[in-house]
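The lines below spell out each chain.
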Amino acid sequence: AQTVTQSQPEMSVQEAETVTLSCTYDTSENNYYLFWYKQPPSRQMILVIRQEAYKQQNATENRFSVNFQKAAKSFSLKISDSQLGDTAMYFCAFDNNNDMRFGAGTRLTVKP
Amino acid sequence: SQTIHQWPATLVQPVGSPLSLECTVEGTSNPNLYWYRQAAGRGLQLLFYSVGIGQISSEVPQNLSASRPQDRQFILSSKKLLLSDSGFYLCASSAGARLEQFFGPGTRLTVL
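Thresholds, definitions, all that
Residue indices follow the written sequence of each chain, beginning from 1 at its first position. The lettering of chains begins at A and the numbering of ligands begins at 1, in the order of writing. Residue-level local features of this predicted model are given only where pLDDT is at least 70; pairs of side-chain atoms are given and counted only at 80 or more, and the full residue set underlies all totals for whole chains, interfaces and linings. For the side-chain quantities, the full set of heavy atoms in the structure was used; hydrogens and water were omitted. Secondary structure counts use DSSP, requiring at least four H or I residues in a row for a helix and at least two E residues in a row for a strand, with both numbered from the N terminus. Only the C-alpha atoms count toward the radius of gyration. The rule for a globule is 2.2 Å times the residue count to the power 0.38. Type-normalised accessible area, obtained with a 1.4 Å probe on protein chains alone, sets the label of each residue: buried when under 20%, exposed when over 50%, and partly exposed for intermediate values. Residue contacts are defined here by distance: any two heavy atoms, one from each residue, within 4.5 Å place the two residues in contact. Using a 1.4 Å probe, buried area is obtained as the accessible area two parts lose upon being combined, added over both of them. Here, a salt bridge means any side-chain nitrogen of Lys or Arg that lies within 4 Å of a carboxyl oxygen of Asp or Glu. Two N or O atoms form a polar contact when they lie within 3.5 Å of each other; inside protein one atom must be a possible hydrogen donor and the other a possible acceptor, and for residues adjacent in sequence the pair counts only when both atoms belong to side chains. Of the grid points, spaced at 1 Å and generated over the protein atoms alone, those admitting a 1.4 Å probe that cannot get out make up cavities, while open sets with protein on both sides within 12 Å along at least five of seven lines make up pockets; any residue with an atom within 4 Å of a point is treated as lining. Grid points are joined across faces, edges and corners, and a volume is the space filled by probe spheres set on the points. Each residue is assigned to one of three groups, with Ala, Val, Leu, Ile, Met, Phe, Trp, Tyr, Cys and Pro labelled nonpolar, Asp, Glu, Lys and Arg labelled charged, and all others, Gly among them, labelled polar. Pairing of aromatic side chains requires ring centres within 6.5 Å, counting the rings of Phe and Tyr and the six-membered ring of Trp. Pairs whose planes differ by under 30 degrees are stacked, by over 60 edge-to-face, and all others tilted. Working definition: a disulfide is two cysteine sulfur atoms within 2.5 Å of each other.

J.: Explanation requested: the overall build of chain A in the structure shown.
T.: Helix and strand content of chain A: zero helices and 12 strands. Put simply, chain A runs from its N terminus to its C terminus through helices and strands in the order β-β-β-β-β-β-β-β-β-β-β-β. Taken against the 2.2 N^0.38 rule, which gives 13 Å for 112 residues, the C-alpha radius of gyration of chain A at 13 Å falls within 12% of a compact globule. Oriented by its inertia axes, the alpha-carbon framework of chain A measures out at about 40 × 25 × 20 Å. With 112 residues in all, chain A has 50% of them scored as buried.

This is the structure:
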């Protein structure tokens, strides 16, 4: 079975600084997708970024980028120029054909 | 994009009572639909998913059931609630497997 591990329960970063959230996963599949979702205090889940496993190029969305290391089964999220609105729970997720698995989450606090 | 409606927003029910949570989707046709449960401070656990009317796949054995009576309606039910059913329930929709999932605002269920 697929598992997703986020080893950092909580992190904090100063406003305008850069922070990296870690995620590792375990699977025997070769074709899958990886996601980072954000859950702010409102609890509304929002997609941050998506990576297709067959693509070697790391996905980027404005201030958010990933470091995808397929062989190491690692999928970290880098947030540049952190903003107060980035304060939220961040969940790493793995999807192999409707079998969506989420990590336990990392609570990120951006400090002014 | 898709809009997911869930109700009620909060619910307090006694042990042994029935449950019915409803989710409806706007902005798409023939979506994949999902029910997740999020325990306090934890990640999301996939409970059920559906790829079409009347088609339900269960991910974990439990006290709950799901039904999809219409294309954009997904219902989570229980005949007799347990204390362990307490949690935050999220409905999600996607255009297909491995694609972005859009989440509803969630229902906080407390079983007393």
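J.: Would you take a moment to explain unusual backbone geometry for this structure?
T.: Most peptide bonds adopt trans geometry, and most residues besides glycine take a negative phi value. Residue Trp7(B) is joined to Pro8(B) through a cis peptide bond whose omega torsion reads 0°. With respect to the element layout, Pro8(B) can be found in the loop between β1 (3-7) and β2 (10-13). One non-glycine residue, Arg43(A), lies in positive phi territory at about 75°. Here Arg43(A) shows up in the loop between β5 (33-39) and β6 (46-52). Positive phi, normally seen in glycine, also occurs at Asn30(B), with a value near 50°. A relative accessible area of 48% means that Asn30(B) is categorised as partly exposed.

J.: Is there a simple way to explain the interface of chain A and chain B in this structure?
T.: By a widespread convention, an interface's size corresponds to the accessible area lost as its parts come together. Every contact between the two is made by 22 residues of chain A and, on the other side, 23 residues of chain B. Of the roughly 1,900 Å² buried where chain A meets chain B, counting both sides, 48% is carbon and sulfur surface. Looking at the side of chain A facing chain B, the largest losses of area belong to Arg43(A), Asn98(A) and Phe102(A), adding up to 35% of the total buried there. Our enumeration of links across chain A and chain B arrives at zero salt bridges. Our count for the chain A to chain B interface comes out at seven residue pairs in polar contact (both at pLDDT 80 or more). Of all the secondary structure elements, the ones that give two or more residues to the side of chain A that touches chain B are β5, β6, β10 (88-96) and β11 (99-102) of chain A.

J.: Where do I start with the layout of surface pockets in this structure?
T.: A water-sized probe rolled over the atoms picks out the places where empty space is left. Within this model, the largest pocket holds a volume of roughly 400 Å³. Going through the elements one at a time, β1 (3-5) and β11 of chain A together with β4 (32-38) and β5 (44-52) of chain B are the ones with two or more residues in the lining of the largest pocket. By residue class, the composition of the lining of the largest pocket is eight nonpolar, eight polar and five charged. Lining the second largest pocket are 13 residues, with Gln39(A), Pro40(A), Arg43(A), Met89(A) and Arg107(A) sitting closest to its centre. Those elements giving two or more residues to the lining of the second largest pocket turn out to be β10 and β12 (106-111) of chain A.

J.: Even after reading the chapter, I still don't get the packing of aromatic side chains, so can you show me in this structure?
T.: In this description, a pair of aromatic rings is defined by centroid distance and the angle of the planes. Counted by the stated rule, this structure contains 14 aromatic pairs over all chains. For the ring pair Tyr36(B) and Phe103(B), a centre distance of 5.7 Å and an interplane angle of 40° mean the geometry is tilted. Highlighted residues: Tyr36(B) in strand β4 and Phe103(B) in strand β10 (residues 102-103), separated in sequence by 67 residues. Assessed through its relative accessible area of 0%, Tyr36(B) is described here as buried. We classify Phe103(B) as buried; its relative accessible area is 6%. Among the aromatic residues, those joined into a cluster by ring pairs are Phe35(A), Tyr37(A), Phe102(A), Tyr34(B), Tyr36(B), Tyr49(B) and Phe103(B).

J.: In this structure, what is going on with the state of the cysteines? I would like to understand it.
T.: Every disulfide links exactly two cysteines, by a covalent bond between their sulfur atoms. Residue and element names in this part refer to chain A. A full pass over the atoms with the stated rule returns two disulfides over all chains. Put simply, Cys23 and Cys92 are joined by a disulfide, and their sulfur atoms are 2.0 Å apart. Handedness here is read from the sign of the S-S torsion; for Cys23 and Cys92, about -70°, the answer is left-handed. With Cys23 in the loop between β3 (19-21) and β4 (24-26) and Cys92 in strand β10, this residue pair connects regions lying 69 residues apart in the sequence.

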